[in-house]
4 protein chains.
Amino acid sequence: MIAGVIGAAGYAGAELVRLLAGHPGITGFALASISYEGGRIEHIYPNFLRRIEAALVKPEEVIPRSRVVFAALPHGVGEPFAKACIEKEIPFIDLSADFRFDRDQETFTAWYGKPFVHKELRSYSVYGLPELNRSRIRELAASKKVIIGNPGCYPTGASLGAFPALAKGIAGPGTIIVDSASGVTGGGREPIRSFHYPECADSLAPYKVGAHRHTPEIARNFQAMAARFAGSTQGPAVIFTPHLAPMNRGILSTIYIPLSASWRPKGVPGGAPRPPIKEIEEKAAEIRGVYADFYKAEPFVRVLPAELTAASGRVRQSNFCDISIHVDQAGTTLVAAAAIDNMVKGAAGQAVQNMNIIFGFDETDGLKAVPALF
Amino acid sequence: MIAGVIGAAGYAGAELVRLLAGHPGITGFALASISYEGGRIEHIYPNFLRRIEAALVKPEEVIPRSRVVFAALPHGVGEPFAKACIEKEIPFIDLSADFRFDRDQETFTAWYGKPFVHKELRSYSVYGLPELNRSRIRELAASKKVIIGNPGCYPTGASLGAFPALAKGIAGPGTIIVDSASGVTGGGREPIRSFHYPECADSLAPYKVGAHRHTPEIARNFQAMAARFAGSTQGPAVIFTPHLAPMNRGILSTIYIPLSASWRPKGVPGGAPRPPIKEIEEKAAEIRGVYADFYKAEPFVRVLPAELTAASGRVRQSNFCDISIHVDQAGTTLVAAAAIDNMVKGAAGQAVQNMNIIFGFDETDGLKAVPALF
Amino acid sequence: MIAGVIGAAGYAGAELVRLLAGHPGITGFALASISYEGGRIEHIYPNFLRRIEAALVKPEEVIPRSRVVFAALPHGVGEPFAKACIEKEIPFIDLSADFRFDRDQETFTAWYGKPFVHKELRSYSVYGLPELNRSRIRELAASKKVIIGNPGCYPTGASLGAFPALAKGIAGPGTIIVDSASGVTGGGREPIRSFHYPECADSLAPYKVGAHRHTPEIARNFQAMAARFAGSTQGPAVIFTPHLAPMNRGILSTIYIPLSASWRPKGVPGGAPRPPIKEIEEKAAEIRGVYADFYKAEPFVRVLPAELTAASGRVRQSNFCDISIHVDQAGTTLVAAAAIDNMVKGAAGQAVQNMNIIFGFDETDGLKAVPALF
Amino acid sequence: MIAGVIGAAGYAGAELVRLLAGHPGITGFALASISYEGGRIEHIYPNFLRRIEAALVKPEEVIPRSRVVFAALPHGVGEPFAKACIEKEIPFIDLSADFRFDRDQETFTAWYGKPFVHKELRSYSVYGLPELNRSRIRELAASKKVIIGNPGCYPTGASLGAFPALAKGIAGPGTIIVDSASGVTGGGREPIRSFHYPECADSLAPYKVGAHRHTPEIARNFQAMAARFAGSTQGPAVIFTPHLAPMNRGILSTIYIPLSASWRPKGVPGGAPRPPIKEIEEKAAEIRGVYADFYKAEPFVRVLPAELTAASGRVRQSNFCDISIHVDQAGTTLVAAAAIDNMVKGAAGQAVQNMNIIFGFDETDGLKAVPALF
């Protein structure tokens, strides 16, 4: 089938084309770019030469040719295309934030500064984190009218790293802290000073501390999971700090989750810190078991064995989310580390995964590559 | 005067020689290396050619020639040299952990697996974080018998980032979380797989989660500051997670400190996260002011203005610690980011600063360079 | 069919497993490692978790299980396995230098310091650069006894960059200079000081100048191509300088080829250098056309248009060799730049390409991925 | 004395301020920026906080306050400031190309597309490569009217790497090939796509092949040296290929120089390449000796011993040029590798060196730092 990609010249759009090029169900492309209309994808990214060579047309021309449409556009631009797709019963997978907040226009507007364009489209939309909403995605797909609000990169790793703890009562009351670092592709293709090589190479720094737009998305996901499984009506408070790391791809999130009383290891002495004792290790192993069980049917979540920590380099170019489980030496806090490739599971790969669910492909189609070794 | 460096062939030792080469009070060197005895510093590091060209002698030969002795040795090896220096009234500045815990042999042994060698030397030793112990360093220096336990790299940034909050009652009850990432030089000069270029380039990962030896040092520093200024008998609980980042130098620590009730901004609405409001920004500004005031006489701590976040790249090759102050959008937590160069303020530079204090040099002598711009 | 890989724990072996995992004709693996016998591939490279999980057996156990055997071993170790495969009529694809020199034991011994182990095996071996020897590979494959001497990484890029010039009389008399830079994976997986992150990050340096073992392989390839097409009995002299570049993967070779009299552009003024004139650009375009024509049937060679220069980043993770064609402003020298991924076209990918030729698969099977965009 | 810097907000200008901040003869600054007039240097580069905090004024205001004026401006902009300085007898050190070609307006115009603005200023100007023109710099300084055309980054390394061979008859007839790679700071501070982190990280590529503006400067320098020492009326032909390397700083130039008949090693067998023999090594040692002797009085040129190759990482942050000497295995070509820091010896450091010569400071003042170890 033909895949349409609107916004194919941006990093997420181009990565999507690259992944779809290896998908057994995709036979061709209709590519559009607002900025590069009339150009060709292989001129913008010569990597594509001899693989995908295609003109970039107007967005309007993409929809009639495609059986699925992806949009990798700035926030607030894509709703008209979503509308057109819904009318034609073409699944629409949106990589912007426009459909990530369901009907919650208030939160969207508070953070993104604009109202919904076509409010009514939210009847057909679902937040496309398969590990949270797979059955709803299938339901909408069956109805023929489906819009995917493809998740943000940071929320994907943060959510997957915390979900089992929230669902299974491991998380106790208190704030969850998500400390994340992303590679520079997360900032997109436009050259701006912060991403100029000499400005970011060999340096690490936080940015938008306490003010990043992915915070409400993380909080909403935490709440959704806590509500569904544990019946909580309120999710935990969240503090989220993103950092820019000197690497091309990858997000590593270190997530600090207060342990509920019943999940705290017994027999941990108080006082000055000491190296972790057996009781700590055993509790970590138990939690690791819960995580492994929780994700046992998930094709893209790997709960790592005790001897490994999550590393962004080990999921590079893949749709995996690697999670390692640790308990601090005082036995009060679960420290979960989650690694994803920001451009794959954090953007284009997850979009392909959503397409696979919608069309009943094997969920790993187009996403079977072993993560790059280096 | 002649500076002796035992362990000059390791990264910290060599960086020390590099810094001392630019110190107006140092006229020559006596360099020793256990592994490279008989070699020459400029053969091991050809960077030194035409600047410092010197043979590496036995450690025993260094002491009689030197007016100050630095040791950059593995933990547990340097005490005999410390003893010899004390006997000759030569200041001994130790970059290992041996003298970082004062008389607290129990903690040292729990984490480093060995007892003190010469317990009695602790009468002459002080933990050499000038921002905490400058006056005690001077006292011991005046007594002619002084051993500096030069701080660990992570504890330096973490402590400086939290001190004013602890001293001024900004920190409330609850655990302080220190999330840090270090450049690869922190792992030393020996080639091991984790630091092999293709294994760590383009990747970010935590390591030794909840189990890093710098945890008790951080906790002790927090307690010391809380005790001295605020009269607390007990310091806060600490969770510390180090990460390896794909860069040569630098540590960025993001520190999450629960705000005490009196320091929480008023008028912050509850519920779902929203972008920070004026009340949050004002409280952050107030705390920033406290930090700036606290450090106003410190030559190496820069409390950054509101529009900047700490970045490891901005203190590269310098002895500065940059601190940026943020308050999370719910108003419950101070997020302080602290950046140092792990090899300078985190090791060799701080050792020079300690020497300057001991000998009454200007504290910035040898440490005046503008941080590398790139 | 089952693919056997001896030496699967090294970088080239592991990359081979990664590529074969996506090959439609490979249904399973038999993996061996001399150093890690008894271990598991996914423990050594956790990237493989959930994709390829397999025990590493003894090399002897691999052969009987496999329909094709790859060896990624140190030079001089694999001949006994080659012999065993020939006896069983199993194609043997050797990534070491052992079979790269055909019957020329003298050159092999001069550079690699050892004699051939089983001299007679050279009746069945061919240097596996498909662009040079595809038909001979097919002939041997048809005979059921085939050993591939898979090319070295530097010779692959250098040869492809120079072949059309040699074949079509563009190259005149005089020395060809090959100036190349490689990513650090070229040095293999063993941690040694030169490849320790802080020693090679942010630095570029030549190594083994005039003395690298790939020199005779490059010279032999140049001669072979000159001889076959142009009837030369002697190839050009070659100077080869490798450099280590601070990146994981990729080789960029800049090749300086003296133009033959008939290929020099006319009308170029002498004297001081000036910016290239129309005559230069036109001659470059003409040569580019010859290159494009020469490679028109090659699935993995991309001759770039005038506006692009070859960049190692654009062939990353792919089996492509990108070539850009330039003429110096005095009109005397062809400057060809050739980029490959050292681990793919320079090692594992080329081995897969050879397997595809031997077994009659589509030559791009397992090698269809679009080069990584970043 | 007060140093004026016009163009202080660019990379070269800021690096100059950083170096001058450590110069014992500089007591203050007058800084100007055309783009950031009215701003402050420490806002543009927060690295400067607490070290150099200064407003950026209009260029016109700089001159009256300064005893030396540096200009780090785009080509073709600075001549009016040069004129004003000459009138006031203030030394003017220009980091643009405006004064690099002496009276040769033709070459300048051919490559830079504009005529000289004040042709007559060339009576006072000299190409500021101290190793070539130190005595002329002194002469002009004595006359009180001096303009320095500070050399380009590539020409500096290329020239120093070839000078002794040209001066001493080691270079024979034939083209000299200069193959260079530069760190990304060479492209300046403005964010453009080629220097956007994800576009250049982990990749190496040539650019402007055969067409880079530094070619005529290199050729002129070669000719000047050949003429002065060897009496040649014509310099060698030059081919120059620059590459962009994924690192912040540094240039590594590999220079291929045909050996004159009398400098070719004897007794080198012809035929296929073989590893270098004793005769080759001895000739390399002899040439190395000539280089060492040639530069024995130069404070910033280090001719490396046989066991080292030049590496850009070993001169980082310093004004050194490291040169390693090699002879190819056929004995026809000298391969000299030259490493500089593009921002120091290739720009700001050389400008300081020129100032030191003009004012009679020690030539290493402000430039004594040991190269950064990592």
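Residues numbered from 1 in each chain as written. Chains lettered and ligands numbered in written order. Predicted model: local features only at pLDDT ≥ 70, side-chain atom pairs only at ≥ 80, totals over all residues. Heavy atoms only, no water.

### Some thoughts on the pattern of salt bridges
And step 1. With the rule as written, the count across this model stands at 96 salt bridges over all chains.
And step 2. In this structure, R274 of chain C engages E106 of chain D in a salt bridge whose closest nitrogen and oxygen atoms are separated by 3.8 Å. Here E106 of chain D lies in helix α5 (residues 105-112) and R274 of chain C lies in the loop between β11 (251-258) and α10 (278-294), a pairing that spans two chains.
And step 3. Looking at R274 of chain C, the relative accessible area reads 34%, which means it is partly exposed.
And step 4. Taking relative accessible area as the criterion, E106 of chain D reaches 55% and is therefore assigned exposed.
And step 5. The partner of R302 of chain D in a salt bridge is D322 of chain D, with the nearest N and O atoms 2.7 Å apart. Here R302 of chain D is found in strand β12 (residues 301-303), whereas its partner D322 of chain D is found in strand β13 (residues 321-327), with 20 residues between them in sequence.
And step 6. Take R302 of chain D: its relative accessible area is 3%, and that puts it in the buried class.
And step 7. Put simply, E15, R18, R249 and D341 of chain A are held in one network by salt bridges that share partners. (Salt bridge = Lys/Arg side-chain N within 4 Å of Asp/Glu carboxyl O. Helix = DSSP H or I, 4+ residues; strand = E, 2+ residues; numbered from the N terminus. Buried < 20%, exposed > 50% of the residue type's maximum accessible area, 1.4 Å probe, protein only.)

### Notes on the sheet that holds strand β13 (residues 321-327) of chain B
In a beta sheet, neighbouring strands pair by backbone hydrogen bonds and run either parallel or antiparallel.
Residues and elements named next belong to chain B.
And step 1. Spatial strand order, β9-β10-β8-β11-β14-β13-β12: seven strands in an open sheet with mixed pairing. Looking at the sheet topology across the chains shown, the edges are occupied by β9 (205-206) and β12 (301-303).
And step 2. Across two bridges, β9 lies against strand β10 (residues 238-244) in antiparallel orientation. By the bridge assignment, A205 is partnered in β10 with L244. (Pairing = 2+ DSSP bridges.)

### So, the relation of the copies chain B and chain C
And step 1. With an axial shift of 0.0 Å and an RMSD of 0.0 Å, the rotation relating chain B to chain C amounts to 180 degrees. Within this description, the copies of the chain are treated as partners about a two-fold rotation axis.
And step 2. Comparing interface residues between copies, 100% of those in chain B also sit at the interface in chain C, which points to an isologous, same-surface contact. (Least-squares fit on C-alpha atoms with pLDDT ≥ 70 in both. Contact = heavy atoms within 4.5 Å.)

### Focus: the interface of chain B and chain C
How large an interface is tends to be reported as the accessible area lost when its parts come together.
And step 1. Contact with chain B, which involves 21 residues of that partner, is made by 21 residues of chain C.
And step 2. Buried surface at the junction of chain B and chain C, both sides included, amounts to about 1800 Å², of which 51% is carbon and sulfur.
And step 3. When the area that chain B buries against chain C is broken down by residue, the three leading residues are R193, H196 and Y197 of chain B, summing to 42%.
And step 4. Counting across the chain B and chain C interface gives two salt bridges.
And step 5. With its nearest N and O atoms 3.0 Å apart, the salt bridge here joins R193 of chain C to E190 of chain B.
And step 6. Taken together, chain B and chain C are joined by 14 residue pairs in polar contact (both at pLDDT 80 or more).
And step 7. If one sorts the elements of the side of chain B that touches chain C by residue count, helix α8 (residues 197-200) of chain B sits on top with four residues.
And step 8. Of the residues in the side of chain B that touches chain C, the class split is twelve nonpolar, four polar and five charged. (Buried area = accessible area lost by both parts, 1.4 Å probe. Polar contact = N/O pair within 3.5 Å; in protein donor to acceptor, adjacent residues only side chain to side chain. Nonpolar A, V, L, I, M, F, W, Y, C, P; charged D, E, K, R; others polar.)

### Here we look at helix α10 (residues 278-294) of chain B
Residue and element names in this part refer to chain B.
And step 1. Taking 1.5 Å as the rise per residue, α10 with 17 residues should run 24 Å; its terminal C-alpha atoms sit 24 Å apart, in good agreement.
And step 2. Here α10 has its buried residues at I280, K283, A284, I287, R288, V290 and Y291. One side of α10 holds all its buried residues, which, seen down the axis, span an arc of 155 degrees. (Expected span 1.5 Å × (residues − 1). Arc of directions from axis to C-beta.)

### So, the relation of the copies chain B and chain A
And step 1. With an RMSD of 0.0 Å, the operation that places chain B on chain A is a rotation of 180 degrees combined with a shift of 0.0 Å along the axis.
And step 2. Take the interface residues of chain B: 100% of them recur as interface residues in chain A, which is what a same-surface contact looks like.

### Quick look at empty space enclosed by the protein
And step 1. Taken as a whole and judged by the stated rule, the model has five cavities of 30 Å³ or more.
And step 2. By volume, the largest cavity amounts to about 330 Å³.
And step 3. Along the lines of polarity and charge, the residues of the lining of the largest cavity split into 16 nonpolar, four polar and four charged. (1 Å grid on protein atoms, 1.4 Å probe; cavity = no way out; pocket = protein on both sides within 12 Å on 5 of 7 lines; lining within 4 Å. Points joined across faces, edges and corners; volume = space filled by probe spheres on them.)

### Section: the interface of chain B and chain A
And step 1. Opposite the 49 residues of chain B that make contact, chain A presents 49 residues.
And step 2. Between chain B and chain A lies a buried interface of about 3900 Å² when both sides are counted; carbon and sulfur atoms form 60% of it.
And step 3. Applying the counting criterion to the chain B and chain A interface returns four salt bridges.
And step 4. In this assembly, chain B and chain A are joined by 18 residue pairs in polar contact (both at pLDDT 80 or more).
And step 5. Residue contributions to the side of chain B that touches chain A peak at four residues, all from strand β8 (residues 176-182) of chain B.
And step 6. Class assignment for the residues of the side of chain B that touches chain A results in 28 nonpolar, 14 polar and seven charged.

### Things to note about the sheet that holds strand β11 (residues 251-258) of chain D
Residue and element names in this part refer to chain D.
And step 1. As summarised here, the arrangement of the seven strands in space is β9-β10-β8-β11-β14-β13-β12, forming an open sheet in which the pairing is mixed. Pairing within the sheet leaves two strands with one partner each, and these edge strands are β9 (205-206) and β12.
And step 2. Packing against the sheet, helix α10 (residues 278-294) makes contact with β11, β12, β13 and β14 (333-340), and its axis sits at approximately 150 degrees to β13. (Axes fitted to C-alpha atoms, helices over the stretch in contact; angles between N-to-C directions.)

### Details of the pairing of strand β4 (residues 68-71) of chain B
All names here are of chain B.
And step 1. Here β4 shows two buried faces, one formed by V68 and F70 and the other by V69 and A71.
And step 2. Of the strand pairs in this sheet, strand β1 (residues 2-6) and β4 are connected by four bridges, and their pairing is parallel. What sits directly across from I6, in β4, is A71.
And step 3. Strand direction decides the pairing type here: β4 and strand β5 (residues 92-94), joined by three bridges, are parallel. Residue F70 lies in a different strand from β5, and its bridge partner there is I93.
And step 4. Handedness of the β-α-β unit built from β4, helix α4 (residues 79-87) and β5 comes out right-handed. (Right-handed = clockwise from strand over helix to strand, strands pointing away.)

### Here we look at the packing of aromatic side chains
And step 1. Per the stated rule, a full pass over the model turns up 42 aromatic pairs over all chains.
And step 2. Ring geometry for Y197 of chain A against Y197 of chain D: centres 5.1 Å apart, planes inclined by 10 degrees, an arrangement best described as stacked. With one member in each of two chains, Y197 of chain A in helix α8 (residues 197-200) and Y197 of chain D in helix α8 (residues 197-200) form a pair that bridges those chains.
And step 3. By relative accessible area, Y197 of chain D is classed as buried at 7%.
And step 4. Put simply, the rings of F101, F108, Y112 and F116 of chain A pair up and form one aromatic cluster.
And step 5. Its end group placed over the ring of F116 of chain A, R122 of chain A keeps NZ or CZ at 3.7 Å from the ring centre.
And step 6. For R220 of chain C, the ring lying beneath its charged end belongs to Y127 of chain C, and the centroid distance is 4.3 Å. (Phe/Tyr/Trp six-rings, centres within 6.5 Å; stacked < 30°, edge-to-face > 60°. Lys NZ or Arg CZ within 6 Å of the ring centre and 35° of its normal.)

### Here we look at the environment of N319 of chain A
All names here are of chain A.
And step 1. Mapped onto the fold, N319 is located in the loop between β12 (301-303) and β13 (321-327).
And step 2. By relative accessible area, N319 is classed as buried at 2%.
And step 3. Separated by 139 residues in sequence, N319 and S180 have C-alpha atoms that sit 18 Å apart.
And step 4. Not counting residues up to four positions away in its chain, the partners in contact with N319 are F300, V344, K345, G349, Q350, Q353 and L367.

### Some remarks on the packing of helix α6 (residues 130-142) of chain A against helix α9 (residues 214-230) of chain A
Between two packed helices, both the angle of their axes relative to each other and the distance between the axes serve to describe the pair.
Residues and elements named next belong to chain A.
And step 1. At a closest axis distance of 11 Å, the pairing of α6 and α9 adopts a crossing angle of 70 degrees. Judged by the angle between their axes, α6 and α9 are roughly perpendicular. Across from E131, L132 and N133 in α6, the residues of α9 making contact are A224, M225 and R228.
And step 2. When the residues that make up the contact of α6 with α9 are grouped by side-chain class, the tally is three nonpolar, one polar and two charged. (Parallel < 35°, antiparallel > 145°, perpendicular 65-115°, else oblique.)

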